[in-house]
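Residue strings, one per chain:
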Amino acid sequence: MAGRHRRPPTAEQAALPADVDLRLLAITQGRTVVDEGVTTFPGAAQPYAYRTLYRPDGRVDELLERLAPGPLQPPDLPPAD
C-alpha cells in the first residue's frame, strides 16, 4: 500500500498567487509589504495619496494625505540685478 505522505511543494507550487491578500503575504514572508498610490473618492475630484504598510506581526499602518489642488507654483521672486 502506498504511503500517504506528501512530497514537499516545489518552488512553483509554493509560490503564492498574485492576488493574495497583502497582510497574508507580509506574515508568510516575514517582511513589511507596502501598498501605495493615488486615488480619488467617488463624487470628489480631489486626489489623495495613500500608503499602507502591512507588518509581519499582522499590524497595518495606514496614511492618507490630500494632495494640493492644481499645479504648484514657485513664489514670485524679485528680478536679480
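Quick look at the structure, then. The shown structure was predicted, so the numbers you read here are calculated from the model rather than taken from an experiment.

Definitions and cut-offs
Residues numbered from 1 in each chain as written. Predicted model: local features only at pLDDT ≥ 70, side-chain atom pairs only at ≥ 80, totals over all residues. Heavy atoms only, no water. Core = buried A, V, L, I, M, F, W, Y, C linked by side-chain atoms within 4.5 Å. Buried < 20%, exposed > 50% of the residue type's maximum accessible area, 1.4 Å probe, protein only. Contact = heavy atoms within 4.5 Å. Phe/Tyr/Trp six-rings, centres within 6.5 Å; stacked < 30°, edge-to-face > 60°. Helix = DSSP H or I, 4+ residues; strand = E, 2+ residues; numbered from the N terminus. Salt bridge = Lys/Arg side-chain N within 4 Å of Asp/Glu carboxyl O.

What about the nonpolar core?
Here's step 1: Core analysis: the largest hydrophobic core is formed by five residues, namely Val-20, Leu-25, Ala-26, Val-33 and Tyr-54.
Here's step 2: Those residues in contact with Val-33 that lie beyond four places of it in its chain are Leu-22, Leu-25, Ala-26, Thr-52, Leu-53 and Tyr-54.

Things to note about the packing of aromatic side chains
Here's step 1: Following the criterion strictly, the structure yields one aromatic pair and no others.
Here's step 2: Between the aromatic rings of Phe-41 and Tyr-48, the centroid separation amounts to 5.0 Å while the plane-to-plane angle is 65°, which identifies the pairing as edge-to-face.

What about the side chain of Thr-52?
Here's step 1: Tracing the backbone through its elements, the reader meets Thr-52 in strand E2 (residues 47–54).
Here's step 2: Its relative accessible area of 8% is what places Thr-52 among the buried residues.
Here's step 3: Setting aside anything within four residues of it in sequence, one finds Thr-52 in contact with Val-33, Val-34, Asp-35, Val-60, Asp-61 and Glu-62.

What about the pattern of salt bridges?
Where charged atoms of side chains with opposite charge meet at close range, the side chains can pair.
Here's step 1: In total, this model carries three salt bridges according to the counting rule given.
Here's step 2: Between Arg-51 and Glu-36 there is a salt bridge whose closest N-O contact spans 3.6 Å. Of the two residues, Arg-51 sits in strand E2 while Glu-36 sits in strand E1 (residues 33–40), which places them 15 residues apart along the sequence.

Distances and angles like these do not, on their own, reveal function.
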